[in-house]
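What the coordinates show
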Amino acid sequence: MLYREVGEFKTSYQSDQQTFPITSDRLVVLSLIFIAFFVIPFFITEYMASAIVLPFLIFGIAALGLNILTGYCGQVSLGSGGFMAVGAYSCYKIMTSFPDLNIFFCVILSGLVTGVVGLAFGLPSLRIKGFYLAVSTLAAQFFLVWAFTKFPWFFNFSASGQITANERLMFDIPVSGANVAAPVAYLICLIFFVSLAFIARNLTRGSLGRKWMAIRDMDIAAEIIGVNPLTAKLSAFCISSIYIGISGALLFCLYFGAVEAGDAFGIDKSFLILFMIIIGGLGSIFGSIAGAAFLVAMPVILKNIMVDFLAWPVDLASHFEFLIIGALIVFILIVEPHGFAMLWRIIKEKLRLWPFPH
Amino acid sequence: MSKQKAPSERQNSYVTADGRTIGPAVMEMKNITLRFGGVIAIQGISFDIHEGEIRAIIGPNGAGKSSMLNVINGFYHPQEGKIIYKGEVRRPLKPFEIAHQGIARTFQNIALFKGMTTLDNIMTGRLTHMNTGMLSQALWWGKAQREETENRAFAERIIDFLEIQSIRKVPVGRLPYGLQKRVELGRALAAEPSLLLLDEPMAGMNVEEKEDMSRFILDVNEEFGTTIALIEHDMSVVMDLADRVVVMDYGKKIGDGTPDEVRKNQAVIDAYLGVSHD
Ligand SMILES: Nc1ncnc2c1ncn2[C@@H]1O[C@H](COP(=O)(O)OP(=O)(O)OP(=O)(O)O)[C@@H](O)[C@H]1O
Ligand SMILES: [Mg+2]
């Protein structure tokens, strides 16, 4: 079957505004979602879930969030790790304070708490821009991690300094903590991932998204056109933080089970998420997802090749892993500075015309 | 001997040579003075803009014309003077609040949103007419979708009007200069402004593009009845388009009246036409 939009004439603005205006795109995405919900849960193994699928879904949510702030609204943030920590620690406090609250509510509430914190740390963006703003978000990163290790109230005065997700049940099945079965953890993360991707797409295609992009492209012109910079920037900070907070909460209660802010949510996480959106494509929902998939899968694939296939020692392989991934990122950015999203667009434009390029 | 009153001194409506009726003043600037440190960009200038007219502001480089538009849309706040908009004294407002009052503009140096398509730029110009809540937008349900479709229809009317259908989905950064100027006009028109400010809409264009742009400006004024204040260096264009002209030099007003009156004004001839301009 050819990939075609020939013969597809849009007869209403509604159909032209669809997320996937080309029918075959729509079918592919719908079948992917169907497979993700109704097929994969029956096959997913512990290893697949913990090595690739869960990190992809969880960091994918964070990448969507950061892309709203950085890719769409143009405000660079290096504080994502810190905001993930806010999500994780609020989830812990909420779970221990309300032992009967449904896990979905716990995670959503954690996201909302992070949204409020993100709003506060977004205030400097009204005064400072670019590099200086990045530095202020870096300060937020260090401050938040420091606060979560320094004040024992956050980890309920536990001796280890860790927070631990206690087990809770839904339909008699564990849905949080260390004993969650792979398909259950997968489905919960998938529900969040798909709904948040859907919401991100909607927010960025409407008037709010255009306000963000206007601020990103030329803030003075945006203001003269009627964009209130205060509400536009703060809404981006808030929504982005909600996403990143939810991602942190999921990482804590469905992936690690027990975390310590300094180990799990350090500056390396902030950079990881930033790399995801840069090589995926700034200002693109597809790019956030592709970037997350790439940076989650690449190390696993490389490790498999080097350790299992070439039988290299593990420590040597892990050094090479860094080197190769670093080199790959540089290479991709040289080939296409706008990331996977742009590559994909170019391929699609070619495909649309193939095999008759003129 | 009593001199006939120039239209600029009239308080109320008048009829133009080509028979259009011009309404009362929509914008009155009274004794505006704007300083940047020691530089006086605008010095005690008063003039008004009537409903439905095309009002030109001319003057040599650095005369303070762009600064005047920046005062009108709230980007600069004058140290002295009063601004009366639609009959009321305007308190100092932020530029985005003034946009919501119905004042839109284009810029001397194009200020489009480079990463967005033509359509998105024009839709962004429409945002003062869009107020769906965040929740409805997040779910793309009900009002969000309805509002988007309605405003899309309006944006398409502007796209048709400006004859830019073929570049609808092209990121504006890729467009040639002349088309960018046109898209910028479209973005301003999308706001359905009651006062449209154009800062050198034809600068850097070739003759053909200038003719197109002149036609669009006249059509906007005639078909939509939009009040327009524009800055332009090309005297022949100004003479063709404008109902009345303000002439500025070194921050002062040196002339105000119909194009014919201004052309005969000795101060204007000395200051403006004597000075080389581009
Ligand atoms: N933000 C600013 N800070 C300091 N001085 C300024 C500022 N904006 C304008 N000026 C000064 O005010 C004077 C008027 O500038 P303006 O841009 O209004 O002139 P103009 O009539 O639009 O000129 P042109 O035809 O070159 O566009 C100039 O001397 C300029 O240097
Ligand atoms: Mg100027």
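Residues numbered from 1 in each chain as written. Chains lettered and ligands numbered in written order. Predicted model: local features only at pLDDT ≥ 70, side-chain atom pairs only at ≥ 80, totals over all residues. Heavy atoms only, no water.

Describing the overall build of chain B
- In terms of helices and strands, chain B carries 10 helices and 12 strands.
- A globule of 278 residues ought to have a C-alpha radius of gyration of about 19 Å, and chain B, at 19 Å, matches this closely.
- Its C-alpha atoms give chain B principal-axis dimensions of about 70 × 40 × 40 Å.
- Burial statistics for chain B: of 278 residues in total, 56% are counted as buried.
- Long-range contacts, defined here as pairs at least 24 residues apart, represent 67% of the contacts in chain B between residues at least 6 apart.
- Accessible area of chain B: about 12300 Å², with a carbon and sulfur share of 51%. (Helix = DSSP H or I, 4+ residues; strand = E, 2+ residues; numbered from the N terminus. Rg over C-alpha atoms; globule rule 2.2 N^0.38 Å. Buried < 20%, exposed > 50% of the residue type's maximum accessible area, 1.4 Å probe, protein only. Contact = heavy atoms within 4.5 Å. Areas by Shrake-Rupley, 256 points an atom, 1.4 Å probe, with all protein chains shown as cover.)

What to know about a nonpolar patch on the surface
All names here are of chain A.
- There is a patch of nonpolar side chains on the surface, built from I301, I305, F309, L310, W312, L316, F320 and L323 and spanning about 760 Å² of accessible area.
- For the nonpolar patch, the secondary structure elements donating two or more residues are α14 (285-309) and α15 (314-335).
- Position of F320 among the secondary structure elements: in helix α15. (Patch = residues over 30% accessible without salt bridge, like charges linked within 9 Å, V, L, I, M, F, W, Y side chains within 5 Å. Salt bridge = Lys/Arg side-chain N within 4 Å of Asp/Glu carboxyl O.)

Topic: the pattern of salt bridges
Residues and elements named next belong to chain B.
- Under the defined criterion, the tally for this structure stands at 23 salt bridges over all chains.
- A salt bridge links E53 to R244; the shortest N-O distance between them is 2.6 Å. Remark: R244 occurs in strand β11 (residues 244-249) and E53 occurs in the loop between β4 (39-50) and β5 (54-58); sequence separation between them is 191 residues. Each of the two residues, E53 as well as R244, counts as buried.
- Close ionic contact of R105 with D199 constitutes a salt bridge, the shortest N to O distance being 3.5 Å. A residue pair is termed long-range when its members are at least 10 positions apart, and R105 in strand β8 (residues 103-106) and D199 in strand β9 (residues 195-199) qualify at 94 residues.

Brief notes about the nonpolar core
- Within the largest apolar cluster, 108 residues are counted, with the highest numbers of intra-cluster contacts made by W212, L250, F252 and C253 of chain A.
- Leave out the neighbours within four places in its chain, and F252 of chain A touches A88, C91, Y92, M95, I163, T164, A165, G257, A258 and V259 of chain A. (Core = buried A, V, L, I, M, F, W, Y, C linked by side-chain atoms within 4.5 Å.)

What to know about the sheet that holds β5 of chain B
Residue and element names in this part refer to chain B.
- Ordered by their spatial adjacency, six strands build an open sheet running β8-β9-β10-β5-β11-β12, and the pairing between neighbours is mixed. Unpaired on one side and paired on the other, β8 and β12 (252-257) mark the two borders of the sheet. Ignoring strand direction, the axes of neighbouring strands in this sheet form an average angle of 15 degrees.
- For β5 and strand β10 (residues 227-231), the ladder comprises four bridges, and the chain directions are parallel. Its bridge partner lying in β10, R55 is registered against A229. (Pairing = 2+ DSSP bridges. Axes fitted to C-alpha atoms, helices over the stretch in contact; angles between N-to-C directions.)

Some points on the interface of chain A and chain B
- With 31 residues of chain A in contact, the opposing surface of chain B contributes 35 residues.
- With both sides pooled, the region where chain A packs onto chain B buries about 3000 Å², and carbon together with sulfur makes up 65% of that total.
- Taken together, the links from chain A to chain B amount to two salt bridges.
- With its nearest N and O atoms 3.9 Å apart, the salt bridge here joins R210 of chain A to D120 of chain B.
- Run the count over chain A and chain B and you get eight residue pairs in polar contact (both at pLDDT 80 or more).
- Where the side of chain A that touches chain B is concerned, the elements lending two or more residues are α1 (13-16), α8 (182-205), α9 (207-217), α10 (219-225) and α11 (229-256) of chain A. (Buried area = accessible area lost by both parts, 1.4 Å probe. Polar contact = N/O pair within 3.5 Å; in protein donor to acceptor, adjacent residues only side chain to side chain.)

Examining the packing of helix α5 (residues 80-97) of chain A against α11 of chain A
Residues and elements named next belong to chain A.
- In contact at an axis separation of 7 Å, α5 and α11 are set at 60 degrees when each is read in the N-to-C sense. In terms of orientation, α5 lies oblique with respect to α11. Note that α5 runs across α11; the crossing there is right-handed. Contacts between α5 and α11 involve S80, F83, M84, G87, A88, C91, Y92 and M95 from the first element and S241, I244, G245, S247, G248, A249, L251, F252 and C253 from the second.
- Split by residue class, the contact of α5 with α11 holds 11 nonpolar, six polar and no charged. (Parallel < 35°, antiparallel > 145°, perpendicular 65-115°, else oblique. Left-handed = near helix turned anticlockwise from the far one by under 90°. Nonpolar A, V, L, I, M, F, W, Y, C, P; charged D, E, K, R; others polar.)

A closer look at the domain arrangement of chain B
Residues and elements named next belong to chain B.
- According to the domain assignment, chain B contains domain 1 (7-102 + 193-273) and domain 2 (122-190).
- For domain 1 versus domain 2, the distance between C-alpha centres works out to 27 Å.
- Of the residues lining the interface, 20 residues belong to domain 1; the matching set on domain 2 comes to 11 residues.
- Here domain 1 packs against domain 2, burying approximately 1200 Å² in sum over the two surfaces, 72% of which is carbon and sulfur. (Domains from an automatic or database assignment.)

Regarding the coordination of the magnesium ion (ligand 2)
Residue and element names in this part refer to chain B.
- Within the protein, S66 (OG) and Q108 (OE1) serve as the donor atoms for the magnesium ion (ligand 2), at 1.9 to 2.1 Å. With a gap of 42 residues between them, S66 in helix α1 (residues 65-72) and Q108 in the loop between β8 and α3 (118-125) connect regions that are remote in the sequence.
- On the basis of relative accessible area, S66 is assigned to the partly exposed category, the value being 23%. (Donors = N, O, S within 2.8 Å, 3.2 Å for Na, K, Ca; no water.)

Focus on the packing of aromatic side chains
- Using the criterion set out here, one finds 17 aromatic pairs over all chains in the structure.
- Ring plane angle 40 degrees and centroid distance 5.0 Å describe the contact between F34 of chain A and F38 of chain A, whose orientation is recorded as tilted. Here F34 of chain A and its partner F38 of chain A are both found in helix α2 (residues 23-38), four residues apart, which amounts to about one turn of the helix.
- A relative accessible area of 52% means that F38 of chain A is categorised as exposed.
- For the ring pair F294 of chain A and F340 of chain A, a centre distance of 5.3 Å and an interplane angle of 65 degrees mean the geometry is edge-to-face. Remark: F340 of chain A occurs in helix α16 (residues 339-353) and F294 of chain A occurs in helix α14; sequence separation between them is 46 residues.
- Exposure remark for F294 of chain A: the relative accessible area of 16% places this residue in the buried category.
- Here F340 of chain A falls in the buried class, since its relative accessible area comes to 18%.
- Clustering of aromatic rings is evident, with ring pairs tying together F83, F121, F143 and W146 of chain A.
- It is R187 of chain B that lies over the ring of F113 of chain B; its NZ or CZ is 4.7 Å from the centre. (Phe/Tyr/Trp six-rings, centres within 6.5 Å; stacked < 30°, edge-to-face > 60°. Lys NZ or Arg CZ within 6 Å of the ring centre and 35° of its normal.)

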